[in-house]
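Listed below are the residues making up each chain.
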Amino acid sequence: MLEIRSARKTFYAGQADEKIALDDLDLTLKTGEFGVVIGSNGAGKSTMLNAVSGAMPLDSGQILINGDDVTNTPVHTRATRIARVFQDPMLGTAASMTVAENMLLADLRSSKRTLSRGLNAKRLADYKERLSALGLGLENRLETKVELLSGGQRQSLSLIMAVGGSPDLLLLDEHTAALDPRTADLVMQATVRAVDTLKLTTLMVTHNMQHAVDYGHRVIMLDAGRVKLEIGGAEKANVTVAKLVDHFAVKTDAMMLGAGV
């Protein structure tokens, strides 16, 4: 379960270019719920993910994971409970290490175990099985350095690494935006399987309106650091891309009216 309570973050406070990124933001995801976050550039999406992961401190407010207040917990400590997949396939993996070594590091990061257990036969067999579900042939490239993989293969590996430790919370930061359509579809299918199988509480940020329609239990629209719209249940099942785009259009029209245009 994720709870964001009255989260506030301001950049350049007191200066001419002051920017309120999170404006007393409140958001709750139930255990196992898959929330899809949309919003225009500058709406606060990335700031929200950074605050939840611990990469950016809040000015005020709280972040709770399964009822535990982690607001002041450092990012490396939260990493045992929170997994994140970034938009850039170059992030989240160690380029000079092999596929198997990267997966081992991910296992160790999400647990209390030490390196002494290493890449034993049981682990390698488990890695092969997990990678084979992607359909990208990575199960046959365990000894390949990650720097030699394609962007799609590397991003797919990042996803498998992220969910391997069954985190309390999975953050997806536009994780298919840099992929070609076929690979993006494979990664989204793998994402849904992982979320459903492991019952992962998941927060996915995307600019892909079709993904917002097709995936997740709830669509959450951010604007100016606040939740402006939530669509779930039967309404979510019937939402269309056109309807979501209409909400953006309404917001834009309101901004123009407020500016006296």
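Read on for an overview of the structure. (Residues numbered from 1 in each chain as written. Predicted model: local features only at pLDDT ≥ 70, side-chain atom pairs only at ≥ 80, totals over all residues. Heavy atoms only, no water.)

1. Some words on the overall build of the protein chain
Scanning the protein chain for helices and strands turns up nine helices and ten strands. Rg of the C-alpha trace for the protein chain: 19 Å, near the compact-globule value of 18 Å for 261 residues, within the 12% margin. Overall, the C-alpha framework of the protein chain stretches about 65 × 40 × 35 Å when taken along its three principal axes. Split into buried and exposed, the 261 residues of the protein chain put 48% on the buried side. If you take every contact in the protein chain between residues at least 6 apart in sequence, the share linking residues at least 24 apart comes to 67%. Accessible surface, the protein chain: about 12,400 Å² in total, of which carbon and sulfur atoms supply 53%. Positive and negative side-chain charges in the protein chain, numbering 29 and 30 respectively, have mean positions lying 5 Å apart. (Helix = DSSP H or I, 4+ residues; strand = E, 2+ residues; numbered from the N terminus. Rg over C-alpha atoms; globule rule 2.2 N^0.38 Å. Buried < 20%, exposed > 50% of the residue type's maximum accessible area, 1.4 Å probe, protein only. Contact = heavy atoms within 4.5 Å. Areas by Shrake-Rupley, 256 points an atom, 1.4 Å probe, with all protein chains shown as cover. Lys, Arg positive; Asp, Glu negative; His and termini not counted. Charge placed at Lys NZ, Arg CZ, Asp CG, Glu CD.)

2. So, helix α1 (residues 45–53)
Across the nine residues of α1, eight count as buried, placing the element largely inside the fold. Along α1, the positions that sit buried rather than exposed are Lys45, Thr47, Met48, Leu49, Asn50, Ala51, Val52 and Ser53. Positive phi appears at Gly54, one or two residues downstream of α1, with a value of about 95 degrees.

3. Re helix α4 (residues 121–132)
Given a rise of 1.5 Å per residue, twelve residues ought to cover 16 Å, and the 17 Å separating the end C-alpha atoms of α4 matches this to within 8%. Looking only at α4, the buried set comprises Arg123, Tyr127, Arg130 and Leu131. Taken end-on, α4 shows its buried residues confined to a sector of 95 degrees, consistent with a single buried face. Residues of α4 that are exposed and point over 90 degrees away from its buried face: Ala121, Lys122 and Glu129. Lining the buried residues of α4 we find α3 (99–109) and α5 (151–163). (Expected span 1.5 Å × (residues − 1). Arc of directions from axis to C-beta.)

4. Here's the deal with the pairing of strand β7 (residues 169–173)
Among the five residues in β7, five count as buried, and that is most of the element. In terms of strand pairing, strand β6 (residues 82–85) meets β7 through four bridges, oriented parallel. The partner of Val85 across the bridge, within β7, is Leu172. (Pairing = 2+ DSSP bridges.)

Honestly, it's all geometry; don't read function into it.
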